[in-house]
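The primary structure of each chain is shown beneath.
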Amino acid sequence: MAYSNKTRDLFAADIEEIKSKGLYKEKRFICSPQDASILVEYPEGAEKKQVLNFCANNYLGLSSHPDVVEAAHEGLRERGYGMSSVRFICGTQDIHRTLQDKVSKFLGMEETLLFPSCMDANAGVFEAVLGAEDVIIADRLIHASLVDGIRLCSAEYDTFKHMNMKHLRKKLELHQDKRTRMIVTDGVFSMDGDLMPLDEVCALAEEYDAMVLVDDSHASGFIGKTGRGVHEHFDVMDKVDLITTTFGKGLGGASGGCVSGRAELIELCRQKARPYLFSNSLAPAIVNATIKVIDLVSASTERRDTLEWNAQYFREQIVAAGLQVGGQGTPIVPVMLYNAKLANDMASDMYAEGIYVIGFFFPVVPAGAARIRVQLSAAHTKEHIDKAVAAFAKIGEKYGIIGLDKKGIIAKYGM
Ligand SMILES: *Cc1c(COP(=O)(O)O)cnc(C)c1O
């Protein structure tokens with residue numbers, strides 16, 4: 001290796017620092033397809049264990065659905081393994097167009113452009129659409145990929161307090177002198193499991209002549225009466241200008257993302273968005289499987305209805321068991337523990353009970369707001385959920401937090 005041991009020690013010290021802060025991420029290996037029940041090797045080298053998975057974004061249970069897997073096989077057979085090209089050179093097949101059209105129809109948007117991931121969609125859209133004479137006004141808790149995309153764009157960046165419409169109004173007033181204003185938000189905030197009130201956001205946008213971009217990665221396919229997303233839930237499907245979303249969560253779980261919205265904005269992305277121009281196009285197998293997913297979720301609401309029931313049932317049962325939860329109306333249910341070590345220790349004990357969940361703490365969530373984030377899936381049965389609740393009740397008892405409120409837990413364990 002070219003670099004010296006002295007340089008090597010520098011990086012080793014960085015890694016040690018991560019460990020000493022308790023922020024080190026262990027390796028975990030899943031030795032089965034993604035599903036409600038999975039085979040896990042954790043820690044590395046330990047004996048494999050079958051556990052119930054309550055931390056995947058497999059909201060609709062489509063990650064290993066036989067129809068979706070078969071559609072991927074078909075894509076592979078009919079259209080080959082890969083495109084060996086970016087979209088605009090020779091990386092666009094007719095099935096890419098088919099998927100774009102189906103996504104537009106599903107989301108109720110004029111046009112759609114596929115990207116290798118939603119992270120790439122977010123990396124491309126702002127720079128393609130906005131310039132230095134514009135302003136972005138974003139919720140303070142937007143997803144990291146939005147923050148990164150905004151950094152790549154020369155528009156002025158301002159924020160409003162999380163879900164605070166009064167503050168958003170103030171910022172819109174402040175920036176009336178700009179060429180355009182873009183309000184940026186997640187539809188569902190993935191750490192808290194709460195929904196942005198898009199009806200209020202869109203009303204303010206109209207009042208102050210702003211456009212609205214929503215990242216609906218944790219909503220597409222299951223939030224709203226027919227699963228179109230948070231804009232359907234709040235009945236503003238015709239008001240949102242741009243939606244970015246992923247195919248890597250509810251919509252199949254492999255990879256890929258898109259920007260969907262007003263035709264002229266999508267055209268600008270096609271001309272200028274750098275991940276579209278400089279990164280390989282989505283593989284035919286994934287495109288074909290995602291077409292199947294959109295067909296499935298368009299044809300029936302059965303999966304999103306099951307998911308809604310599961311989420312509601314888990315929420316009721318876990319509250320009845322005496323634990324604190326946050327959020328509402330989404331399949332993300334954060335079990336609030338406030339203290340990072342407590343969240344970590346309880347997650348380990350849950351794993352011993354056969355329930356796979358993860359503790360989240362600073363810097364992923366604010367300090368003093370540690371939690372175990374539980375995510376429900378349409379693939380979970382009532383028995384799965386009952387087992388998870390029973391395990392939480394047992395482990396909660398062990399740590400003496402059953403029936404304690406926020407103050408009580410913090411008094412016992414600190415922040
Ligand atoms: C997961 C997620 C992304 C990233 O999606 P990928 O397709 O995996 O890159 C972007 N935005 C939000 C809000 C997400 O939750």
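Draft legend 1. Structural detail: empty space enclosed by the protein. For the coordinates displayed, the defined rule picks out 2 cavities of 30 Å³ or more. Here the largest cavity is characterised by a volume of approximately 70 Å³. Taken together, Leu60, Leu62, Gly221, Thr226, Leu296, Val297, Ser300, Thr301, Arg303 and Arg304 make up the lining of the largest cavity. Where the lining of the largest cavity is concerned, the elements lending two or more residues are helix H12 (284-299) and helix H13 (302-320). When its volume is computed, the second largest cavity comes out at roughly 40 Å³. Taken together, Asp35, Ala36, Asn53, Ala56, Asn58, Gln375, Ser377 and His380 make up the full set of residues lining the second largest cavity. The class makeup of the residues in the lining of the second largest cavity is 2 nonpolar, 5 polar and 1 charged.

Draft legend 2. How the structure looks around the packing of aromatic side chains. Counted by the stated rule, this structure contains 7 aromatic pairs. Between Tyr59 and Phe222 the ring centres are 4.5 Å apart and the planes differ by 40 degrees, which places this aromatic pair in the tilted class. Separated by 163 residues along the polypeptide, Tyr59 in the loop between strand S3 (49-53) and helix H2 (66-79) and Phe222 in the loop between strand S10 (211-215) and helix H9 (230-233) bring together distant segments of the chain. With a relative accessible area of 0%, Tyr59 lands in the buried category. The class for Phe222 is buried, based on a relative accessible area of 3%. Members of the aromatic cluster, connected to one another through ring pairs, are Tyr42, Tyr351 and Tyr356. Positioned above the aromatic ring of Tyr42, the side-chain terminus of Arg28 is 4.3 Å from the ring centre. Cation over ring: Lys49 sits above Tyr351, and NZ or CZ is 5.5 Å from the ring centre.

Draft legend 3. Structural detail: the site of the ligand. In the vicinity of the ligand there are 13 residues, among which Cys118, Asp215, His218, Thr246 and Lys249 approach most closely. At 2.9 Å, a backbone N or O of Met119 approaches an oxygen atom of the ligand. Contact with the protein chains hides 82% of the accessible area of the ligand, taken as 380 Å² for the molecule alone. Top contributing element to the shell around the ligand by residue count: helix H5 (residues 118-129), with 3 residues. Across the shell around the ligand, the residue classes break down as 2 nonpolar, 8 polar and 3 charged.

Draft legend 4. Seen up close, a negative patch on the surface. Together, Asp199, Glu200, Glu206, Asp235 and Asp238 line one region of the surface with negative charge. Tracing the chain through its elements places Asp199 in helix H8 (residues 198-207).

Draft legend 5. Just the side chain of Asn53, in detail. Within the secondary structure layout, Asn53 lies in strand S3. Overall, Asn53 belongs to the buried group, its relative accessible area being 5%. Apart from residues no more than four positions distant in its own chain, Asn53 is found in contact with Gln34, Asp35, Ala36, Ile38, Tyr356 and His380.

Draft legend 6. Structural view of helix H10 (residues 263-272). Among the residues of H10, those classed as buried are Leu265, Ile266 and Cys269. Summarising the axial view, the buried residues of H10 lie within an arc of 100 degrees, below the 170-degree limit, and thus occupy one face.

Draft legend 7. Structural context of the domain arrangement of the chain. When the domains of the chain are assigned, the result is domain 1 (24-53 + 302-413) and domain 2 (66-299). Between the C-alpha centres of domain 1 and domain 2 there is a distance of 29 Å. Each partner contributes residues to the interface: domain 1 has 16 residues there, and domain 2 has 15 residues. Here domain 1 packs against domain 2, burying approximately 1100 Å² in sum over the two surfaces, 60% of which is carbon and sulfur. Three residues, Arg304, Thr330 and Ile332, lead the burial of domain 1 against domain 2; their summed loss comes to 41% of the area buried on that side. Applying the counting criterion to the domain 1 and domain 2 interface returns 1 salt bridge. Linking Arg371 and Asp192 is a salt bridge whose minimum nitrogen-to-oxygen distance equals 2.6 Å. Put simply, domain 1 and domain 2 have 8 residue pairs in polar contact (both at pLDDT 80 or more) between them. Of all the elements in the fold, those that place two or more residues in the side of domain 1 that touches domain 2 are H13, strand S13 (332-338) and strand S16 (370-375). With 3 residues, S16 is the largest single contributor of residues to the side of domain 1 that touches domain 2. For the side of domain 1 that touches domain 2, a count of residues per class yields 7 nonpolar, 6 polar and 3 charged.

Conventions we followed
- Residues numbered from 1 in each chain as written.
- Predicted model: local features only at pLDDT ≥ 70, side-chain atom pairs only at ≥ 80, totals over all residues.
- Heavy atoms only, no water.
- 1 Å grid on protein atoms, 1.4 Å probe; cavity = no way out; pocket = protein on both sides within 12 Å on 5 of 7 lines; lining within 4 Å.
- Points joined across faces, edges and corners; volume = space filled by probe spheres on them.
- Helix = DSSP H or I, 4+ residues; strand = E, 2+ residues; numbered from the N terminus.
- Nonpolar A, V, L, I, M, F, W, Y, C, P; charged D, E, K, R; others polar.
- Phe/Tyr/Trp six-rings, centres within 6.5 Å; stacked < 30°, edge-to-face > 60°.
- Buried < 20%, exposed > 50% of the residue type's maximum accessible area, 1.4 Å probe, protein only.
- Lys NZ or Arg CZ within 6 Å of the ring centre and 35° of its normal.
- Near = heavy atom within 4 Å.
- Polar contact = N/O pair within 3.5 Å; in protein donor to acceptor, adjacent residues only side chain to side chain.
- Areas by Shrake-Rupley, 256 points an atom, 1.4 Å probe, with all protein chains shown as cover.
- Patch = residues over 30% accessible without salt bridge, like charges linked within 9 Å, V, L, I, M, F, W, Y side chains within 5 Å.
- Salt bridge = Lys/Arg side-chain N within 4 Å of Asp/Glu carboxyl O.
- Lys, Arg positive; Asp, Glu negative; His and termini not counted.
- Charge placed at Lys NZ, Arg CZ, Asp CG, Glu CD.
- Contact = heavy atoms within 4.5 Å.
- Arc of directions from axis to C-beta.
- Domains from an automatic or database assignment.
- Buried area = accessible area lost by both parts, 1.4 Å probe.

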